Amino acid sequence: AQSVAQPEDQVNVAEGNPLTVKCTYSVSGNPYLFWYVQYPNRGLQFLLKYITGDNLVKGSYGFEAEFNKSQTSFHLKKPSALVSDSALYFCAVRRGGYSTLTFGKGTMLLVSP
Amino acid sequence: EAGVAQSPRYKIIEKRQSVAFWCNPISGHATLYWYQQILGQGPKLLIQFQNNGVVDDSQLPKDRFSAERLKGVDSTLKIQPAKLEDSAVYLCASSLGTAVSSYNEQFFGPGTRLTVL
């Protein structure tokens, strides 16, 4: 069975500082990894994905994520946080071929002015 | 490009009543998903359609939940009868490609928040 762990319920960071939201996964075979963001009363929005190739993936709104196969991690990063980045972030995994997309429980990011 | 549309946005019902949710995916998206998101948890897949056929409904409580996607476009999800534990946000998503195109990202609608009293 595949699973995703987001070990932090909440991450607090000051505006302008770098941010990291952690994600580790478990899946058989090669993983397809995704990050989504959810703003209040809105659906999830796609940020970025890792399928194959370069371990550093760049996505929307200046976010990036680093795939580390040995540590089975896919941490979300941004060099300089904005107050508007405050939202709920979900990591998700599925394997190649057909499988369901499995989400983590989410991490709330709070960026203070 | 129009996004995934869902209605209603909010619904309050009493237990044992029935309720239905509607979803209109992004035009041209063959794959449609229904997720249940309970407060404090990530979305959980209930059912996945490829055009108008069911690909995966292994986590759908079939004694009370049903879904259909007639003509391979719009979809409805029904709960009958509802239980207290069905209180959640129901998200519809769509994606390009086939069910085995696992690399395609999913596009989500705003969701329907269901409260069962």
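Residues numbered from 1 in each chain as written. Chains lettered and ligands numbered in written order. Predicted model: local features only at pLDDT ≥ 70, side-chain atom pairs only at ≥ 80, totals over all residues. Heavy atoms only, no water.

*Asks:* Tell me about the sheet that holds strand β7 (residues 65-68) of chain B, residues and numbers included.
*Replies:* Strand pairing in a sheet relies on backbone hydrogen bonds, with the paired strands running either antiparallel or parallel. Residue and element names in this part refer to chain B. Pairing is antiparallel across the open sheet formed by 4 strands, whose spatial order is β1-β3-β8-β7. Each of the sheet's edge strands pairs with one partner strand only, and the pair in question is β1 (5-7) and β7. Each strand of the sheet is rotated relative to its neighbour by a mean of 15°, with strand direction disregarded. Alignment of strand β3 (residues 19-24) against strand β8 (residues 75-79), held across 5 bridges, turns out to be antiparallel. (Pairing = 2+ DSSP bridges. Helix = DSSP H or I, 4+ residues; strand = E, 2+ residues; numbered from the N terminus. Axes fitted to C-alpha atoms, helices over the stretch in contact; angles between N-to-C directions.)

*Asks:* Please set out the state of the cysteines residue by residue, giving values where relevant.
*Replies:* Evaluation of the coordinates by the stated rule reveals 2 disulfides over all chains. Here A:C23 is linked by a disulfide to A:C91, with a sulfur-sulfur distance of 2.0 Å. A torsion of -60° about the S-S bond marks the disulfide between A:C23 and A:C91 as left-handed. Of this pair, A:C23 sits in the loop between β3 (19-21) and β4 (24-26) while A:C91 sits in strand β10 (residues 87-95), and the two are 68 residues apart along the sequence. According to the relative accessible area criterion, A:C91 is buried, its value standing at 0%. Across the disulfide from B:C23 sits B:C92; the S-S distance is 1.9 Å. Note on the B:C23 and B:C92 pair: the S-S dihedral is about -70°, so by sign convention the disulfide is left-handed. Taken as a pair, B:C23 in strand β3 and B:C92 in strand β9 (residues 88-95) lie far apart in primary sequence, 69 residues in all. Residue B:C23 shares its accessibility class with B:C92, and that shared class is buried. (Disulfide = S-S within 2.5 Å. Buried < 20%, exposed > 50% of the residue type's maximum accessible area, 1.4 Å probe, protein only.)

*Asks:* Explain the packing of aromatic side chains to me, and be specific about the residues and the numbers.
*Replies:* In total, this model carries 14 aromatic pairs over all chains according to the counting rule given. Ring centres 5.9 Å apart and planes at 70° place the aromatic pair A:Y36 and A:F46 in the edge-to-face group. With A:Y36 in strand β5 (residues 31-38) and A:F46 in strand β6 (residues 44-50), this pair connects stretches of sequence that are 10 residues apart. Classification of A:Y36 as buried rests on a relative accessible area of 0%. Site record: aromatic cluster; members linked through ring pairs are A:F34, A:Y36, A:F46, A:F90, A:F103, B:Y33, B:Y35 and B:F108. (Phe/Tyr/Trp six-rings, centres within 6.5 Å; stacked < 30°, edge-to-face > 60°.)

*Asks:* Account for the side chain of B:H29, naming residues and giving values.
*Replies:* With respect to the secondary-structure elements, B:H29 resides in the loop between β3 and β4 (31-37). According to the relative accessible area criterion, B:H29 is buried, its value standing at 8%.

*Asks:* Residues and numbers for the interface of chain B and chain A, please.
*Replies:* Counting residues at the interface gives 25 residues for chain B, matched by 23 residues for chain A. Surface buried jointly by chain B and chain A totals about 1,800 Å² across both partners, of which 52% is contributed by carbon and sulfur atoms. For the salt bridge of B:E105 with A:K49, the shortest nitrogen-to-oxygen distance reads 2.8 Å. Joining chain B to chain A, the criterion identifies 3 residue pairs in polar contact (both at pLDDT 80 or more). Among the elements that make up the side of chain B that touches chain A, the one with the highest residue count is β4(B) (3 residues). Broken down by class, the residue content of the side of chain B that touches chain A amounts to 12 nonpolar, 9 polar and 4 charged. (Contact = heavy atoms within 4.5 Å. Buried area = accessible area lost by both parts, 1.4 Å probe. Salt bridge = Lys/Arg side-chain N within 4 Å of Asp/Glu carboxyl O. Polar contact = N/O pair within 3.5 Å; in protein donor to acceptor, adjacent residues only side chain to side chain. Nonpolar A, V, L, I, M, F, W, Y, C, P; charged D, E, K, R; others polar.)

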